[in-house]
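# Structural characterization, general
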Amino acid sequence: MLTVHAAPLVLPVGAAAVERGAVAVDGGRIVALGPYEAVAAAHPAARVRQWPGVIAPGLRQRHAEWLLTRCYHPDPREADELGTDPLSGEAFARLARELDATRWAGSVRRGLQQMLRYGTTHLTGPFRDPAVRTAVSRSGLVEVPGGVTEEGSPDLDPLAGGRDLPGSVHTPLVTGARADFAVFDVPDEAALVAAGAASCVVTVLAGRLVYRRR
């Protein structure tokens, strides 16, 4: 279905920001990008989704391998015992001795779901763990080359540590590109970098709405 996603500001990255902008998506691809009035007029039959804040390219998670293989992401049913935050370090090492394949696969899936909550659309690979490879393939998230990086402190937020937006995306928003983007409830790029990717309210993968904050 042809859909126009509109917001007070579109940040394509690599091109000028568009106030009262829009991104038109059809068949998983971006078919138009520009001022809302022009995009909507060119696609009068499209469904329109109005979002707050800014539309920006989806973010690239540089520490995906570490977050998925050296962290345990608790099931909500385990919250009383394990809490809700990812377990790493000694806590993960102790728990890892007790994990069977089912619990491990569940942790990986939940880790990927958490990444979507931070506007992540691309993951730096490679992924050697079979459970991780399978989960990433099924998730729709895009694996990109880059090697395993230890730079910085791993964080679910790709913008953590003061990283800028251009350095945290894989592909700018351009006509013809795959429709991978996120919506952040902030007024502009400076506010996004300051607030971090926890301000994400929507994540779109290949035109599909895969996360929406309730």
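It should be noted that the structure appears before, not after, this text.
Rules of the game
- Residues numbered from 1 in each chain as written.
- Predicted model: local features only at pLDDT ≥ 70, side-chain atom pairs only at ≥ 80, totals over all residues.
- Heavy atoms only, no water.
- Helix = DSSP H or I, 4+ residues; strand = E, 2+ residues; numbered from the N terminus.
- Rg over C-alpha atoms; globule rule 2.2 N^0.38 Å.
- Buried < 20%, exposed > 50% of the residue type's maximum accessible area, 1.4 Å probe, protein only.
- Contact = heavy atoms within 4.5 Å.
- Areas by Shrake-Rupley, 256 points an atom, 1.4 Å probe, with all protein chains shown as cover.
- Expected span 1.5 Å × (residues − 1).
- Polar contact = N/O pair within 3.5 Å; in protein donor to acceptor, adjacent residues only side chain to side chain.
- Salt bridge = Lys/Arg side-chain N within 4 Å of Asp/Glu carboxyl O.
- Phe/Tyr/Trp six-rings, centres within 6.5 Å; stacked < 30°, edge-to-face > 60°.
- Axes fitted to C-alpha atoms, helices over the stretch in contact; angles between N-to-C directions.
- Parallel < 35°, antiparallel > 145°, perpendicular 65-115°, else oblique.
- Left-handed = near helix turned anticlockwise from the far one by under 90°.
- Nonpolar A, V, L, I, M, F, W, Y, C, P; charged D, E, K, R; others polar.
- Pairing = 2+ DSSP bridges.

## Things to note about the overall build of the protein chain
Each helix and strand counted, the protein chain has seven helices and 11 strands in total. Relative to a compact globule of 214 residues, whose C-alpha radius of gyration would be 17 Å, the protein chain shows 18 Å and is just as compact. In terms of principal-axis extent, the alpha carbons of the protein chain reach across some 60 × 35 × 35 Å. In the protein chain, which comprises 214 residues, the share counted as buried stands at 49%. Across the protein chain, every contact between residues at least 6 apart in sequence was considered, and the portion connecting residues at least 24 apart equals 63%. Summed over all atoms, the accessible surface of the protein chain reaches about 10300 Å², with 50% contributed by carbon and sulfur.

## Notes on helix H5 (residues 101-116)
For H5, which comprises 16 residues, the first-to-last C-alpha distance of 23 Å matches the rise-based estimate of 22 Å (1.5 Å per residue) to within 8%. By the burial criterion, the buried members of H5 are Trp104, Gly106, Ser107, Val108, Arg110, Gly111, Leu112, Met115 and Leu116. Regarding H5, its N-cap is Asp100, as a side-chain oxygen of that residue lies 3.2 Å from the backbone nitrogen of Thr102 further along.

## Side note on the pattern of salt bridges
Taken as a whole, this structure holds five salt bridges when the rule is applied. Note that Asp75 is salt-bridged to Arg110, the shortest N-O span being 3.5 Å. Placement of the pair is Asp75 in the loop between helix H2 (64-69) and helix H3 (79-82) and Arg110 in helix H5, with a sequence separation of 35 residues. Comparing Asp75 with Arg110, the two get one shared label, buried.

## Comments concerning the packing of aromatic side chains
Working definition: an aromatic ring pair is given by the centre-to-centre distance plus the angle between the planes. Within this structure, the stated rule accounts for one aromatic pair. Plain terms: the ring middles of Phe92 and Trp104 are 6.1 Å apart, the flat faces sit at 45 degrees to each other, and that makes the pair tilted. Within this pair, whereas Phe92 is found in helix H4 (residues 89-96), its partner Trp104 is found in helix H5, the two being separated by 12 residues in sequence. Residue classification places Phe92 among the buried positions, given a relative accessible area of 13%. For Trp104, a relative accessible area of 14% puts it in the buried group.

## So, the packing of H5 against helix H6 (residues 130-139)
One way to put it is that H5 packs onto H6 with a least axis distance of 10 Å and a crossing angle of 40 degrees. The orientation of H5 relative to H6 falls into the category oblique. The element H5 and its partner H6 pack so that their crossing is right-handed. In contact with Trp104, Val108, Arg109 and Leu112 of H5, H6 contributes Ala131, Val132, Ala135, Val136 and Ser139. Counted by class, the contact of H5 with H6 contains seven nonpolar, one polar and one charged residues.

## Some thoughts on the sheet that holds strand S7 (residues 120-124)
The three strands lie next to each other as S6-S7-S8, forming an open sheet whose pairing is parallel. The open sheet has two free edges, formed respectively by strand S6 (59-61) and strand S8 (142-144), since each of these has just one partner strand. If you compare each strand with its neighbour and ignore which way they point, the axes differ by 35 degrees on average. Bridging between S6 and S7 involves three bridges; their strand directions are parallel. Considered in S7, the bridge of Arg60 is made with His122.

## Let's talk about unusual backbone geometry
Negative phi is the rule for most residues except glycine; trans is the rule for most peptide bonds. The linkage connecting Gly125 with the following residue, Pro126, adopts the cis geometry, with an omega of 5 degrees. Positionally, Pro126 belongs in the loop between S7 and H6. With phi around 70 degrees, Val13 is a residue other than glycine that occupies positive phi space. Here Val13 is to be found in the loop between strand S1 (3-10) and strand S2 (18-26). A positive phi angle, close to 50 degrees, is found at Ala206, a residue other than glycine. By the secondary structure assignment, Ala206 is in the loop between strand S10 (200-205) and strand S11 (208-212). Assessed through its relative accessible area of 25%, Ala206 is described here as partly exposed.

That's the geometry; what it means functionally is another story.
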